[in-house]
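As a plain string of letters, each chain reads:
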Amino acid sequence: MMKILAISDQIIDRIYSISVRETYPDVQAILSCGDLPYEYLEFLVSIYNVPLLYVPGNHDPEYTLHDARSRAHGCENIDGSTLFLKGLFFAGLGGSVQYQPGTPNQYTQQAMFLRVYRMLPALAWQKIRYRRTLDVLLTHSPPFGIHDDDDPAHHGLHALNLLVRLARPRHLLHGHTIFYRQNLQDHVTHYNGTKIINIYPFRVMNLE
Ligand SMILES: [Zn+2]
């Protein structure tokens, strides 16, 4: 069992606080679904001193090797990659659907399918190596038709529906959208055996 603090899209005052460890104790890992300032992630990783995995959102800077401000220090950007941590298998895919061409971390539906195809060999190899299917798929955008919305910036990504069907993660954690229109009672949807959880703005949960 791993207790995680998952965050997304919005800074929460009681989390951006030196007493956050008393408010939310025993957190073993932090997961960020994106669109948060890297100072916020760096603050949390230094306060908790536990691993922090993140993917970038459509408001985050483009990652480049030589720009120190393009990444969160002390944290793991798992965009397009996989990671094994404390017995759990994670994969990440950041970004949203493209609504403003030329902006970092925005992808056409087609481009997102290519990113998913590129991840499949690593997912298949890790599954054999660790004898374990994917525990957590960390994304910024929701899949298409699940927790998404009709406006161009908040369409879900079709490629994520495919990735869920192929990789069968136990959980998909995403941000980016808030339920102002579809106003579902719950932030959790079950899809093809995967628990899809909207993290916006944060959740504390146990992963088994
Ligand atoms: Zn977003």
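Whatever comes next refers back to the structure up there.
Residues numbered from 1 in each chain as written. Predicted model: local features only at pLDDT ≥ 70, side-chain atom pairs only at ≥ 80, totals over all residues.

1. Overview of the overall build of the protein chain
Then, in step 1: On a plain count of helices and strands, the protein chain comes out with four helices and 13 strands.
Then, in step 2: A compact globule built from 208 residues should have a C-alpha radius of gyration of about 17 Å, and the protein chain, at 16 Å, falls within 12% of that.
Then, in step 3: Counting only C-alpha atoms and orienting by the principal axes, one finds that the protein chain spans roughly 45 × 45 × 40 Å.
Then, in step 4: With 208 residues in all, the protein chain has 41% of them scored as buried. (Helix = DSSP H or I, 4+ residues; strand = E, 2+ residues; numbered from the N terminus. Rg over C-alpha atoms; globule rule 2.2 N^0.38 Å. Buried ≥ 20, exposed ≤ 12 C-beta atoms within 10 Å, placed from the backbone.)

2. A look at the pairing of strand β10 (residues 171-174)
Then, in step 1: The side-chain alternation of β10 yields two buried faces, one formed by His-171 and Leu-173 and the other by Leu-172 and His-174.
Then, in step 2: The sheet contact formed by β10 and strand β12 (residues 194-198) spans four bridges and is parallel. When the sheet's bridge partners are listed, His-171 is paired in β12 with Lys-195. (Pairing = 2+ DSSP bridges.)

3. Here's the deal with the packing of helix α3 (residues 109-130) against helix α4 (residues 158-167)
Then, in step 1: Interhelical geometry of α3 versus α4 gives an angle of 20 degrees and a closest axis separation of 8 Å. By the angle between their axes, α3 is roughly parallel relative to α4. At the point where α3 passes α4, the crossing takes the right-handed sense. Mapping the contact onto sequence places Gln-109, Met-112, Phe-113, Arg-115, Val-116, Leu-120 and Leu-123 in α3 and His-158, Ala-159, Leu-162, Leu-163, Leu-166 and Ala-167 in α4.
Then, in step 2: Split by residue class, the contact of α3 with α4 holds ten nonpolar, two polar and one charged. (Axes fitted to C-alpha atoms, helices over the stretch in contact; angles between N-to-C directions. Parallel < 35°, antiparallel > 145°, perpendicular 65-115°, else oblique. Left-handed = near helix turned anticlockwise from the far one by under 90°. Contact = placed C-beta atoms within 7 Å. Nonpolar A, V, L, I, M, F, W, Y, C, P; charged D, E, K, R; others polar.)

4. Here's the deal with the nonpolar core
In summary, soluble globular proteins display a tendency toward joint burial of nonpolar side chains.
Then, in step 1: Counting 50 residues, the largest nonpolar core has Ala-6, Ile-30, Leu-138 and Leu-173 as the members making the most contacts within it.
Then, in step 2: Every residue in contact with Leu-138, bar those within four places of it in the chain, is listed here: Leu-31, Cys-33, Leu-53, Val-55, Ile-78, Phe-90, Gly-92 and Leu-173. (Core = buried A, V, L, I, M, F, W, Y, C linked by C-beta atoms within 7 Å.)

5. Let's talk about the sheet that holds strand β3 (residues 52-54)
Then, in step 1: Taken together, the five strands give an open sheet; going across it, the order is β4-β3-β2-β1-β13, and neighbouring strands pair in mixed fashion. At either end of the open sheet lies a strand with only one pairing partner, and these are β4 (76-77) and β13 (202-207).
Then, in step 2: Here strand β1 (residues 2-7) pairs with β13 via six bridges, running antiparallel. Looking at β13, one finds that Ala-6 is bridged to Arg-203.

6. Considering the sheet that holds strand β9 (residues 136-139)
Then, in step 1: Reading across from one edge, β5-β6-β9-β10-β12-β11 is the order of the six strands in this open sheet, with mixed pairing throughout. For this open sheet the edge positions go to β5 (82-85) and β11 (188-191), each flanked by a neighbour on one side alone. This sheet shows a mean twist of 20 degrees between the axes of neighbouring strands, independent of strand direction.
Then, in step 2: The pairing of strand β6 (residues 88-93) with β9 spans four bridges and is classified as parallel.

7. Thoughts on the environment of Cys-75
Then, in step 1: Mapped onto the elements, Cys-75 comes out in the loop between β3 and β4.
Then, in step 2: Here the alpha-carbon distance between Cys-75 and Ser-46, two residues 29 residues apart in the chain, equals 9.7 Å.
Then, in step 3: Residue contacts for Cys-75: discarding those within four places in its chain leaves Leu-41, Glu-42, Val-45, Leu-52 and Tyr-54.

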